[in-house]
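Descriptive analysis of the structure
Listed here are the chains, written in short residue letters.
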Amino acid sequence: MNKVFAVIRREFIERVRTRAFLIATLLGPLFFIGISVLPALLLRRESVGRRVVIVNTTSGDFGARIEAALAAAKKGTGSEAVAKYKPVRIDAASRGQEVRDSLVHITGLSKQAEGGVDGILIVDESGITTGKLTYLGANVGSPRDMDDLRQVLNPVVITERLRRAGVDPVVAMGAATPLALETRKVSEGQLTNESGGATFALAYGMSFILYIALLLYGTQVMTSVIEEKSNRIMEVLMSSLTPFQLLLGKVVGVGLVSLLQIGIWTTAAKLLRDHQSQIMRAFGASGDAAGFSLPAMSIELLAVFITFFVLGFLLYSAAYAAVGSMCNTVQETQQAQMPIMLFIIFGLMSMFALLNEPNGSLAKALSLVPPLAPFVVPVRYSIAPIPLPSLLLYVATTILGLLAIVWIAARIYRVGILSYGKKASFKDMARWIRAS
Amino acid sequence: MNDVVLQVDGVTKRFSGHTAVKHLSMQVPRGGIFGLLGPNGAGKSTTIRMIMNIILPDEGKINVLGSPSSSRALSSRIGYLPEERGLYPKMRVLDQLAFLAEVKGIARSEAKAKAAAWLERLGLGEWKLKKVQDLSKGMQQKVQFISALIHEPELVILDEPFSGLDPVNSQVMREVVIEMARQGRTVVFSTHIMEHAEQMCDRIVIIARGEKIVDGALSDIKRQFGGNHVIVAFTKNADRAMRVFEDKTLVSKVSDRGASAEVTLAPSADSDTLLATLVKEGVGLSRFELSEASLQSIFIEKVGLEAAVAPAKEMSGE
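All of these numbers come straight from a predicted model, not from anything done at the bench.

1. What to know about the overall build of chain B
Helices and strands together make up the secondary structure of chain B, namely eleven helices and 13 strands. When its C-alpha atoms are laid out on the principal axes, chain B stretches across 75 × 45 × 40 Å. Residues counted as buried form 39% of the 318 residues belonging to chain B. In chain B, 68% of the contacts between residues at least 6 apart in sequence involve partners at least 24 apart.

This is the structure:
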């Protein structure tokens, strides 16, 4: 047992000490900061305080109301709100065409020019009836900007039409308020504060964490076996360790590294979320700007997730180690690891089928397949609770599957690690498994 | 102290297409240095790997340290230096040695202290915190050598321990091996460099093509071959000497070294007759010395005869 512990420690320390680990660990939180702060920064930079000239050829106060609506549009709320537009209205009467052309000519629609202009909005009578207004600007390619503008202008145009039809706009607009479906998850007979979107994000997040861990670290188990083969250190190790001790130590050691890294990332993400507004302000962005948010995770779900994460990691790492022992170079593994990749991708994709029917017969069947259960069970549990007996059954079948795969992998590994030269075929593998 | 630490009984190993080791039997008594000699591809490494339980024999039995357990279970009492050298290139030297000692069952703190002491002794003290990949090949070999000895095993098995070392380092290592043997440990090493075996070994086994050819105490083997060897060095007329050596009633075998020759006398001849003949022929002699056969000549003779299927019985029956 001390020998296994020595292998675990070596795998853990040598990996944590590498520059690659340090960089990946630091890049994770930077990535979180990036995805939470960048959108807010971009919003602030791009769509605030745009100078819009309104060339008005309508009579009455339609032009003035457009101007008021633009001036009232704010980004953010409360004291941090910033005006989106700085409108200037020119009443051009019948000379709209000429005013527009000369404006384009003088300003060139360039910010560099004195009194720069971002865009020109042509407001004419036909716009009210046909619902078509013309906007000239450099930012017409930005769907987001145009959508914002449309949302500001739309109510003004509708109000004008209603008014002309003799309907009270206040009544009509009130009646036209669209239906919003608010979702709240019911879990074990209790109303939770989770919305449907948060549940999906959680399920997706868990599957994705397992997926990433397997891709990053499962393959590390594989390359580390190849490394030991190509360094020829295997023979020294084999004179003092059984193949099973080495396999166990390696898989657990690498697994602990992945838990550490994911732990650091999750903690960093949680800290960032708790202090999101301070960080935003530090970057000069509005504290309330939309960023990412982490859904809350119950203790039971966390326990289920960690249990299946560990089982899944051990299962796939053992398989990866067997593949590594069959090959002599990393290139050779590309093909040999395909069966493993298929299971991982299938596991990840099965989530989408589960979201609709978390307790359907398909979901139940997939939960009994050991390589898929680590993906399927936590996702199911996050959507709808699974009764304890079923949960224990899934854990038991996964453990049985894990033992079977470890047994097969250890037998392949035992022969594979000392065979050099040509890559083992699946026929060789079957022979190795049968060999006593 | 007459017990056997390693017993190999009728061991055969076949690989696809050829037999690497054929019915090999040998015994290694406790203490001293045991040489496993043979040309390249003779099956030395295969034998050692079977002893180390890394590969399994197809036939026969191997018993290590008189215990029914495999040598892996006994790894804390056995030191092993494989032919294929290998270390973790990115690991620090000290950590590496500590790890390799730990998997032999030594506590970590003790392992570190021992590793540091060994590195100091072999002149690698300054390198202990460097990565293995920063070391020269010779230094790496020393590190691996230490890894085989660090847990003070009672049986040390070294596969070609001195290959690839410069004369100075090779000498340092040989001294370490000799010291191990003086402490009462048993050293088994394989080599194809006969000078090393000749200087160090108490007992040898020579194998060729997987079969044992010579087995015994080095002194006994030399005695068998001894007494009929003469080393002759010439000052002039070496060509006449060569003609004398062609007389099969006097000389059975010559190994010509240019200015000198190692001559094996014919069974019926004696050295006085040879000396008289050489003087009569006018060969200028600077040296005429009766000697034991060198292990080199025994090796070449045995392995060479084996290959040529020539009258081998005549010689060994002496």
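Having seen the structure, we can now continue with the description.
2. Concerning the overall build of chain A
Of regular secondary structure, chain A possesses 18 helices and eight strands. Expressed as a percentage of contacts within chain A between residues at least 6 apart in sequence, the contacts between residues at least 24 apart total 74%.

3. So, the packing of helix α1 (residues 2-16) of chain A against helix α10 (residues 243-274) of chain A
All names here are of chain A. The geometry of α1 relative to α10 is characterised by a closest axis approach of 8 Å and an angle of 40° between their N-to-C directions. Taken together, the axes of α1 and α10 are oblique relative to one another. Taken as a pair, α1 and α10 cross one another with a handedness that is right-handed. Seen from α1, the contacting residues are Lys-3, Val-4, Val-7, Ile-8, Arg-10, Glu-11, Phe-12, Arg-15 and Val-16; seen from α10, they are Gln-245, Leu-246, Leu-248, Gly-249, Lys-250, Val-252, Gly-253, Val-254, Leu-256, Val-257 and Leu-260. Looking at side-chain class alone, the contact of α1 with α10 contains twelve nonpolar, three polar and five charged residues.

4. Considerations on the interface of chain B and chain A
At the junction of the two partners, chain B supplies 21 residues and chain A supplies 17 residues. Per-element accounting of the side of chain B that touches chain A gives the leading share, three residues, to helix α2 (residues 93-102) of chain B.

5. Thoughts on the environment of Val-376 of chain A
Residue and element names in this part refer to chain A. Along the chain, Val-376 falls in helix α16 (residues 373-383). The class of Val-376 is buried, set by 26 C-beta atoms lying within 10 Å. Here the alpha-carbon distance between Val-376 and Ile-417, two residues 41 residues apart in the chain, equals 33 Å. With near-sequence residues (within four places) excluded, Val-376 lies in contact with Gly-347, Ser-350, Leu-354, Ala-363, Leu-366 and Ser-367.

6. Quick word on the nonpolar core
Counting residues in hydrophobic clusters, the biggest one holds 142 residues, and the most contacted among them are Ala-318 and Ala-321 of chain A together with Ile-157 and Ile-206 of chain B. Broken down by element, this core gets its largest block of residues, 16 residues, from helix α12 (residues 299-326) of chain A. For Ala-321 of chain A, the contacting residues outside a window of four places in its chain are Val-221, Met-222, Val-225, Leu-247, Lys-250, Val-251, Ala-409 and Tyr-413 of chain A. Core analysis: the next-biggest nonpolar cluster, separate from the first, contains 17 residues, Val-55, Phe-62, Tyr-85 and Val-123 of chain A among them.

7. Quick word on the sheet that holds strand β1 (residues 50-56) of chain A
All names here are of chain A. Taken in spatial order, the four strands make up an open sheet running β4-β1-β5-β6, and their pairing is mixed. Here the strands that pair on one side only, and so sit at the sheet edges, are β4 (85-91) and β6 (134-137). Each strand of the sheet is rotated relative to its neighbour by a mean of 20°, with strand direction disregarded. Taken together, the four bridges between strand β5 (residues 119-123) and β6 define a ladder with antiparallel strand orientation. Bridge pairing in β6 places Leu-121 opposite Tyr-135.

8. Let's talk about the sheet that holds strand β11 (residues 251-256) of chain B
All names here are of chain B. The four strands are arranged β11-β12-β10-β13 in an open sheet whose pairing can be described as antiparallel. Edge positions in the sheet fall to β11 and β13 (284-291), since each has one partner strand and no second. Strand-to-strand twist across the sheet, computed as the mean angle between neighbouring axes with direction ignored, equals 20°. Sheet topology note: the strand β10 (residues 229-236)/strand β12 (residues 260-265) ladder contains five bridges and is antiparallel. Within β12, the position partnered with His-229 by the bridge is Thr-264. In the packing of helix α8 (residues 238-245) onto the sheet, the strands contacted are β10, β11 and β12, and the crossing angle to β10 comes to about 150°. Contacts from helix α9 (residues 271-280) reach β10, β12 and β13 within the one sheet, and its direction differs from that of β13 by about 175°.

9. Concerning the pairing of strand β9 (residues 211-217) of chain B
Residue and element names in this part refer to chain B. Where strand β8 (residues 203-208) lies against β9, six bridges are found, and the strand directions are antiparallel. Paired with Ile-204 across the strands is Gly-216, a residue of β9. Remark: two residues form the turn of the hairpin made by β8 and β9, two consecutive strands paired antiparallel; Arg-209 in that turn has positive phi of roughly 50°.

10. Digging into the confidence of the model for chain B
All names here are of chain B. In this model, chain B carries a mean pLDDT of 84, and residues with pLDDT of at least 70 account for 94%. In the model, residues 308-318 has pLDDT below 50 throughout and makes six contacts with residues more than four positions away in sequence or in other chains. Across the assembled chains, the prediction reports ipTM 0.74 with pTM 0.71.

11. Quick look at the environment of Met-341 of chain A
Within the fold, Met-341 of chain A resides in helix α14 (residues 338-356). In this structure the C-alpha to C-alpha distance between Met-341 of chain A and Leu-214 of chain A, which are 127 residues apart in sequence, comes to 9.5 Å.

12. Concerning the environment of Ala-293 of chain B
Take Ala-293 of chain B: it is sitting in the loop between β13 and α10 (295-308). Along the primary structure Ala-293 of chain B and Ser-136 of chain B are separated by 157 residues, whereas in three dimensions their C-alpha atoms are 38 Å apart.

13. Here's the deal with the confidence of the model for chain A
Residues of chain A with pLDDT of at least 70 account for 85%, and the chain-wide mean is 80. No element of chain A has a lower mean pLDDT than strand β8 (residues 190-191) of chain A, which averages 56, and none a higher one than α1 of chain A, which averages 91.

Rules used throughout
- Residues numbered from 1 in each chain as written.
- Chains lettered and ligands numbered in written order.
- Predicted model: local features only at pLDDT ≥ 70, side-chain atom pairs only at ≥ 80, totals over all residues.
- Helix = DSSP H or I, 4+ residues; strand = E, 2+ residues; numbered from the N terminus.
- Buried ≥ 20, exposed ≤ 12 C-beta atoms within 10 Å, placed from the backbone.
- Contact = placed C-beta atoms within 7 Å.
- Axes fitted to C-alpha atoms, helices over the stretch in contact; angles between N-to-C directions.
- Parallel < 35°, antiparallel > 145°, perpendicular 65-115°, else oblique.
- Left-handed = near helix turned anticlockwise from the far one by under 90°.
- Nonpolar A, V, L, I, M, F, W, Y, C, P; charged D, E, K, R; others polar.
- Core = buried A, V, L, I, M, F, W, Y, C linked by C-beta atoms within 7 Å.
- Pairing = 2+ DSSP bridges.
- pLDDT = per-residue confidence, 0-100.

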